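# Per-entry structural report
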There are 2 protein chains.
Amino acid sequence: MQDQRESGRHQVFEAIRNANQIARIDIAKATSISPASVTAITSELLSAGLIKELHPEPSPGSAKRGRPRVALTVCDNAFLIAGMKIADRQLSIVLLDFVGETVFEFTQPIPERRMATDELAKIVRDGLHAACAACERNMHDVAGLGLGMAGLIDAERNYIYWSPSLEARNVEFGAALAKVLPMPVFVDNDANLVAKAEQHFGEGRGETDFIVITIEQGVGMGIVIGNKIYRGERGCGAELGHTKVQLEGAMCRCGQRGCLEAYVGDYALLREASVHGQGLPHDSVAALYAHAKAGDATARSIFERAGRMLAMGLVNVINIFDPKLVILSGEQASLDFFDGDRLLEWVKSSVVQVDAPLPEIRVHHWGDLMWAKGAAAYAIEAVTRLKIKELSRDAA
Amino acid sequence: MQDQRESGRHQVFEAIRNANQIARIDIAKATSISPASVTAITSELLSAGLIKELHPEPSPGSAKRGRPRVALTVCDNAFLIAGMKIADRQLSIVLLDFVGETVFEFTQPIPERRMATDELAKIVRDGLHAACAACERNMHDVAGLGLGMAGLIDAERNYIYWSPSLEARNVEFGAALAKVLPMPVFVDNDANLVAKAEQHFGEGRGETDFIVITIEQGVGMGIVIGNKIYRGERGCGAELGHTKVQLEGAMCRCGQRGCLEAYVGDYALLREASVHGQGLPHDSVAALYAHAKAGDATARSIFERAGRMLAMGLVNVINIFDPKLVILSGEQASLDFFDGDRLLEWVKSSVVQVDAPLPEIRVHHWGDLMWAKGAAAYAIEAVTRLKIKELSRDAA
DNA sequence: CATATTTAATTTGTGTCATGAAAAAAATAT
DNA sequence: ATATTTTTTTCATGACACAAATTAAATATG
């Protein structure tokens, strides 16, 4: 038994986090838990320091008379949470409070692109330490660290099948980090973390089911079904970038042929440009794009074909999942390369035709720290789960 | 409240159905519900007539001494369930008892390929009536009808966006059927029903997550996640057959280009054969296959390309879902056309490479009535849910 | 300014339910 | 015949959600 209470606690807490601030009676309405139970549960959460009352403010929705409703909020300073993204040559770190507000941002170069396991673990540790020091916090105050990196990762086990940042394959990275860090660490694939970021801070707020597609050097996908990230059996699903769009097609950096990434990734675009010769820049996609924009037919055709391939990938995702919402997420530049309107046109005309509204496709431009914030969001979730479970244990 | 009891009832019932016959104490072990609660719940189910005790048999696992365990089974004659598949020109119907044993099989031609809504509803009604009459049962004894047909269908609403069997688009077929049939009807896409059939009677028994791919005239897919069929937002997901495998590719009967089906479907194979001329048969895939088998290089290349495209589709499914199990399901013939070993070879070499066991791929040959049995399985599930909900209501 | 009214939150009592422990049941072993 | 073993049922307990009643805290009203 006792699990029903735990689920109640979760529901109430999520309602509060979701609403930002909300009176007990509205929690009752939102969760359809009785006011009596809401009182019981909130008083627990209150005394555990996870939430707090927002006294003076006249909570919104309050009527003219009657006892004023007192709003509850998640206690922002309950825990300090860290999110980290390991990129090619750079470590980005954010420290968030428990409601997800940024406390501090921090960036640090990484000496090598590819490192030994313990070495990278140390880099992570030192980076977090430095970040904490820089904002005069103690690393031991950090209640949880979310860590994102490229590669094939089984998040459940903090296990890395392969990552461009690690020399070894099949690494128990969670264990390696546990040796050097005091707080629980949650490792995940970077595309999943973008999905988390969208869910908590972005276009996915309030949505229970959606798909996030990221376009950077590669193409990534995150699948959210029923508020949860779908990970597959071995934890390495959602590899849209290595979905095949052409039989015996272009060579991909994964060593196989015909992957979507091999047509849409930046290296794919540059490869085309370099083959053609004719004075097209082939060291920067932005430069190549400038040529296309200026009217160069060859450059244009390169982006056009990539766009069509991307559309194909999107169509396949939609035909398979019939999602409610697809979020194209990435930095401004990477998304601009593909003419959005034409892309949507292609997608619309190639999707299974049904007399029902098409899935919504939203484009979302993110800054540099999206990945790290997603990692932090993931950690916030995990820490919340831990703390509420603790509460349930203590009550017993 | 009271939902925990309902969930308990479901768990217990599923455990019984799953095990075929099982003693209370083993139900307790299997569900980790206490023996006390199992007693309470089973006595309810018992008095509702959903299950029965299997007295005389020495239930398996019983020890030498001690009170003998008495096994429980689902009461086979609790309800009569019908499953029906509307195919091109044929109606197949099965009547199953409540444990899924076939009571009667029945087939009837359909006059037209494509009909008006009410006309088709009448065909369904008359078919069911005839089937019942043929085995001396009353149609009113049928507690539920599962109905499968090709097309884009929102099963939740018994709503048909489009079907080759219906003249109209966007049909409230559930409502049309309710007017002429006394029992609840559950309509679904045929690929989903194959998934149901696999889950209840086939290779999916005991699996919580798997993907079924059917190869017939078209290519279909059913996705089972957490024991439930994934349907997408509008109920028209899992359209693997119209996934694009070639930019600007071959014309598909859906009017678009490059669909997987346009390379793998039977009409696609015959089209190739007919274009080439050279005395290849182009009216029967079986005949074409005989040529290939006999060594005809052109015929071979037709099947080979189709096989490669099919492999591509499978690879994409695996890369996206990272499933535990994929079931290739269909009639013997349709599967034989594609050399199984080579297909698997292609799939293995094109899937994202991880040092973890590949998803299992099982091939399952089915007879003609698979579709109807899947429909019946779907109805059994739905009726069970209804009856247990009724029980919960009555208890209140 | 006292009192009514209104709305929110809390308290109280009740009923449901799962469960552990004890008892009963039903067999075999001695 | 009695002990032992194993399954099932009964019983008492405790957790919990909730409806109803109560309290709290504000505004409206005369």
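## Points about the overall build of chain A
Each helix and strand counted, chain A has 13 helices and 15 strands in total. Computed over the C-alpha atoms, the radius of gyration of chain A is 23 Å, within 12% of the 21 Å expected from 2.2 N^0.38 for a compact globule of 396 residues. The buried share of chain A, taken over its 396 residues, is 54%. Partitioning the contacts of chain A with sequence separation of at least 6, the portion at a separation of at least 24 is 61%. Of the roughly 17000 Å² of accessible surface on chain A, 49% is carried by carbon and sulfur atoms. One way to put it: in chain A the 42 positive side-chain charges average out to a point 4 Å from where the 50 negative ones average out.

## Observations regarding the interface of chain B and chain A
In this complex, chain B contributes 49 residues to the contact, which on the side of chain A involves 49 residues. For the pair chain B and chain A, the two sides together bury roughly 4200 Å², of which 55% comes from carbon and sulfur. On the chain B side of the interface with chain A, the three residues burying the most area are Arg234(B), Ile320(B) and Asp322(B), jointly 18% of the side's total. At the junction of chain B and chain A, the tally comes to 6 salt bridges. A salt bridge links Arg234(B) to Asp322(A), with the nearest nitrogen and oxygen atoms 2.7 Å apart. In this assembly, chain B and chain A are joined by 35 residue pairs in polar contact (both at pLDDT 80 or more). Residue assignment for the side of chain B that touches chain A shows that the elements contributing at least two residues are strand 12 (219-225), helix 10 (297-321) and helix 12 (340-350) of chain B. Considering every element that reaches the side of chain B that touches chain A, the biggest residue donor is helix 10 of chain B, with 8 residues. When the residues that make up the side of chain B that touches chain A are grouped by side-chain class, the tally is 24 nonpolar, 14 polar and 11 charged.

## Focus on the relation of the copies chain B and chain A
Once turned by 180° and shifted 0.0 Å along the axis, chain B lies on chain A with an RMSD of 0.1 Å. Look at the turn and shift together and you get a two-fold axis relating the two.

## Focus on the nonpolar core
In terms of nonpolar packing, the biggest core is built from 94 residues, with Ile213(A), Met221(A), Val264(A), Phe321(A), Ile213(B), Val264(B) and Phe321(B) touching the most fellow members. With residues up to four places along the chain from it excluded, the contact list for Phe321(A) reads Ile211(A), Ile223(A), Tyr230(B), Gly232(B), Glu233(B), Gly237(B), Ile320(B) and Phe321(B).

## With respect to the sheet that holds strand 13 (residues 228-229) of chain B
All names here are of chain B. Strand order in the open sheet formed by 5 strands is 13-12-11-14-15, with mixed pairing between adjacent strands. Each having just a single partner strand, strand 13 and strand 15 (360-366) make up the two edges of the open sheet. Sheet topology places strand 12 next to strand 13; 2 bridges connect them, and they run antiparallel. By the bridge assignment for strand 13, Val 224 is matched with Ile 229.

## Some points on the protein's contact with DNA strand D
Contacts to DNA strand D come from 26 residues, most closely from Arg65(A), Arg65(B), Gly66(B), Arg67(B) and Arg69(B). Taken together, the sugar and phosphate atoms account for 76% of what DNA strand D places within 4 Å of the protein. At a separation of 2.9 Å, a phosphate oxygen of DNA strand D approaches a polar backbone atom of Ile25(B). Broken down by secondary-structure element, the contributors of at least two residues to the surface near DNA strand D are helix 1 (3-19) and helix 3 (35-47) of chain A together with helix 2 (24-31) and helix 3 (35-47) of chain B. Top element by residues in the surface near DNA strand D is helix 3 of chain B. It accounts for 3 residues.

## Points about helix 9 (residues 285-293) of chain A
Residues and elements named next belong to chain A. Those residues of helix 9 not exposed but buried are Val 285, Leu 288 and Ala 292. One side of helix 9 carries all its buried residues, which in axial view fall inside an arc of 65°. Lining the buried residues of helix 9 we find helix 8 (266-276) and helix 10 (297-321). Phi turns positive one or two residues past the end of helix 9, at Gly 295, with a value near 110°.

## Things to note about the environment of Cys236(B)
Mapped onto the fold, Cys236(B) is located in the loop between strand 13 and helix 7 (261-264). By relative accessible area, which is 6% here, Cys236(B) ends up buried. The spatial distance from the C-alpha of Cys236(B) to the C-alpha of Ala333(B) is 28 Å, given a sequence separation of 97 residues. When residues no more than four places from it in sequence are discounted, the contact partners of Cys236(B) are Asn319(A), Asp322(A), Val354(A), Leu152(B), Ile153(B), Tyr161(B) and Arg231(B).

## Describing the protein's contact with DNA strand C
Around DNA strand C, the structure places 26 residues, and the nearest of them are Gly66(A), Arg67(A), Arg69(A), Lys64(B) and Arg65(B). Restricting the count to atoms of DNA strand C within 4 Å of the protein gives a sugar and phosphate share of 76%. Here a phosphate oxygen of DNA strand C and a side-chain polar atom of Arg24(A) are 3.3 Å apart. One of the backbone nitrogen or oxygen atoms of Arg5(B) is found 3.4 Å away from a phosphate oxygen of DNA strand C. Those elements that provide at least two residues to the surface near DNA strand C are helix 2 (24-31) and helix 3 of chain A together with helix 1 (3-19) and helix 3 of chain B. Of all the elements, helix 3 of chain A adds the most residues to the surface near DNA strand C, at 3 residues. Here the residues of the surface near DNA strand C are counted per class, giving 11 nonpolar, 7 polar and 8 charged.

## Considering the side chain of Asn189(A)
Residue and element names in this part refer to chain A. Of note, Asn 189 is situated in strand 10 (residues 185-189). By relative accessible area, which is 11% here, Asn 189 ends up buried. With residues up to four places along the chain from it excluded, the contact list for Asn 189 reads Met 149, Gly 151, Ile 153 and Glu 239.

## So, the confidence of the model for chain A
Keep in mind that low pLDDT regions are not for reading the predicted coordinates in detail. Of all residues in chain A, 96% attain a pLDDT of 70 or more, and the chain-wide mean is 92. Summarising per-element confidence for chain A, the mean pLDDT is lowest in helix 11 (residues 332-336) of chain A (76) and highest in helix 5 (residues 173-178) of chain A (98).

## Looking at the sheet that holds strand 3 (residues 71-74) of chain A
Residues and elements named next belong to chain A. The sheet built from 3 strands is open, its strands ordered 1-3-2 with antiparallel pairing. On the outer flanks of this sheet lie strand 1 (22-23) and strand 2 (51-54), each paired with one strand and no other. Across 2 bridges, strand 1 lies against strand 3 in antiparallel orientation. When the sheet's bridge partners are listed, Ile 22 is paired in strand 3 with Leu 72.

Parameters at a glance
Residues numbered from 1 in each chain as written. Chains lettered and ligands numbered in written order. Predicted model: local features only at pLDDT ≥ 70, side-chain atom pairs only at ≥ 80, totals over all residues. Heavy atoms only, no water. Helix = DSSP H or I, 4+ residues; strand = E, 2+ residues; numbered from the N terminus. Rg over C-alpha atoms; globule rule 2.2 N^0.38 Å. Buried < 20%, exposed > 50% of the residue type's maximum accessible area, 1.4 Å probe, protein only. Contact = heavy atoms within 4.5 Å. Areas by Shrake-Rupley, 256 points an atom, 1.4 Å probe, with all protein chains shown as cover. Lys, Arg positive; Asp, Glu negative; His and termini not counted. Charge placed at Lys NZ, Arg CZ, Asp CG, Glu CD. Buried area = accessible area lost by both parts, 1.4 Å probe. Salt bridge = Lys/Arg side-chain N within 4 Å of Asp/Glu carboxyl O. Polar contact = N/O pair within 3.5 Å; in protein donor to acceptor, adjacent residues only side chain to side chain. Nonpolar A, V, L, I, M, F, W, Y, C, P; charged D, E, K, R; others polar. Least-squares fit on C-alpha atoms with pLDDT ≥ 70 in both. Core = buried A, V, L, I, M, F, W, Y, C linked by side-chain atoms within 4.5 Å. Pairing = 2+ DSSP bridges. Near = heavy atom within 4 Å. Arc of directions from axis to C-beta. pLDDT = per-residue confidence, 0-100.

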